[in-house]
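Coordinate analysis (summary)
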Amino acid sequence: MKEVQEFLKECGVYYLATVDNNVPKVRPFGTAEIFEDHLYIQTGKKKDVYKQIEVNNNVEICAFKDGKWIRIAGKLIPDDRVEAKKDMLDKNPNLRGMYNELDDNTIVLYFESAIATIYSFTDAPKVIEF
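The present account deals with the structure reproduced in this document. In this text the structure is predicted, and so the values were computed from the model without any measurement. (Residues numbered from 1 in each chain as written. Predicted model: local features only at pLDDT ≥ 70, side-chain atom pairs only at ≥ 80, totals over all residues. Heavy atoms only, no water.)

**Here we look at the pairing of strand β1 (residues 14–20)**
The test is simple: Pairing between strands is defined by DSSP: at least two bridges between the two strands are required. Helix and strand labels come from DSSP, where a helix needs a run of H or I of at least four residues and a strand needs a run of E of at least two; each type is numbered from the N terminus.
Bridge count between β1 and strand β2 (residues 23–29): seven bridges; the pairing is antiparallel. Its bridge partner lying in β2, Tyr-15 is registered against Pro-28. Once β1 ends, the chain turns through two residues before running back antiparallel as β2, passing Asn-21 with a positive phi of about 50°. One ladder, built from three bridges, connects β1 with strand β5 (residues 58–65); its direction is antiparallel. Its bridge partner being in β5, Ala-17 is matched across the sheet by Glu-60.

**Some points on the pattern of salt bridges**
For clarity, the threshold we go by: Salt bridge criterion: a side-chain nitrogen from Lys or Arg within 4 Å of a carboxyl oxygen from Asp or Glu. Accessibility here uses a 1.4 Å probe with only protein chains present; expressed as a share of the type maximum, an area under 20% marks a residue as buried, one over 50% as exposed, and anything in between as partly exposed.
The final tally for this structure, using the stated rule, is twelve salt bridges. In this structure, Lys-126 and Glu-3 form a salt bridge, with 2.8 Å as the shortest nitrogen-oxygen distance. Of the two residues, Lys-126 sits in strand β8 (residues 126–129) while Glu-3 sits in helix α1 (residues 2–11), which places them 123 residues apart along the sequence. A residue is classified by how much of its surface remains accessible, and Lys-126, at 41% relative accessible area, is partly exposed. The salt bridge partner of Asp-90 is Arg-96, with a shortest N-O separation of 2.7 Å. Taking the relative accessible area as the measure of exposure, Asp-90 reaches 41% and is therefore partly exposed.

**A look at unusual backbone geometry**
In this structure, Asn-22 takes a positive phi of about 70° despite not being glycine. Mapped onto the elements of the fold, Asn-22 is located in the loop between β1 and β2. Residue Asn-22 is classed as exposed on the basis of its relative accessible area of 74%. With phi around 55°, Ser-113 is a residue other than glycine that occupies positive phi space.

**Examining the layout of surface pockets**
The condition is simple: Only protein atoms enter the 1 Å grid used here. Points where a 1.4 Å probe fits but cannot escape make up a cavity, open sets with protein on both sides within 12 Å along at least five of seven lines make up a pocket, and a residue lines them when an atom lies within 4 Å of a point. Grid points are joined across faces, edges and corners, and a volume is the space filled by probe spheres set on the points. Three classes are used, and their members are as follows: Ala, Val, Leu, Ile, Met, Phe, Trp, Tyr, Cys and Pro are nonpolar, Asp, Glu, Lys and Arg are charged, and the others, Gly among them, are polar.
Empty space within the largest pocket amounts to approximately 190 Å³. If you go around the largest pocket, you meet 13 residues; those closest to its centre are Glu-3, Phe-7, Lys-68, Ile-118 and Lys-126. Contributing elements (two or more residues each) for the lining of the largest pocket: α1 and β7 (106–120). A per-element tally of the lining of the largest pocket places α1 first, with four residues. Partitioned by chemical class, the residues of the lining of the largest pocket number five nonpolar, one polar and seven charged. Along its surface, the second largest pocket is lined by Arg-27, Pro-28, Phe-29, Gly-30, Thr-31, Gln-42, Thr-43, Lys-47, Val-49, Leu-95, Met-98 and Tyr-99. For the lining of the second largest pocket, the secondary-structure elements that each account for two or more residues are β2 and β4 (38–44).

Dropping the structure here:
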């Protein structure tokens, strides 16, 4: 899981895909932190992306760097605990202008039953389950 997080951090931006009424929706994200042995991301409860995850929590992430790309497929589980949100915001202080662990908007989500695959044009795919 640490390798997956490091890949996403090195990319800086990754793309999260959700489904909205059978229509795929993709948008850029940047948070990827490990907390209590889970890979977490963060968003706002008021955003469409969170509303889509509430309906269907099967998501996929894709990111590319240096001729390699990663795809992560799994279920995102919301964690509304202050400790989890604080950990995310402490590790990403640039978000503190928009989010606070005590507000009614901030939500962190962790991957459950995820499979990450790292691909390249020259190497065999590397599969990481977490």
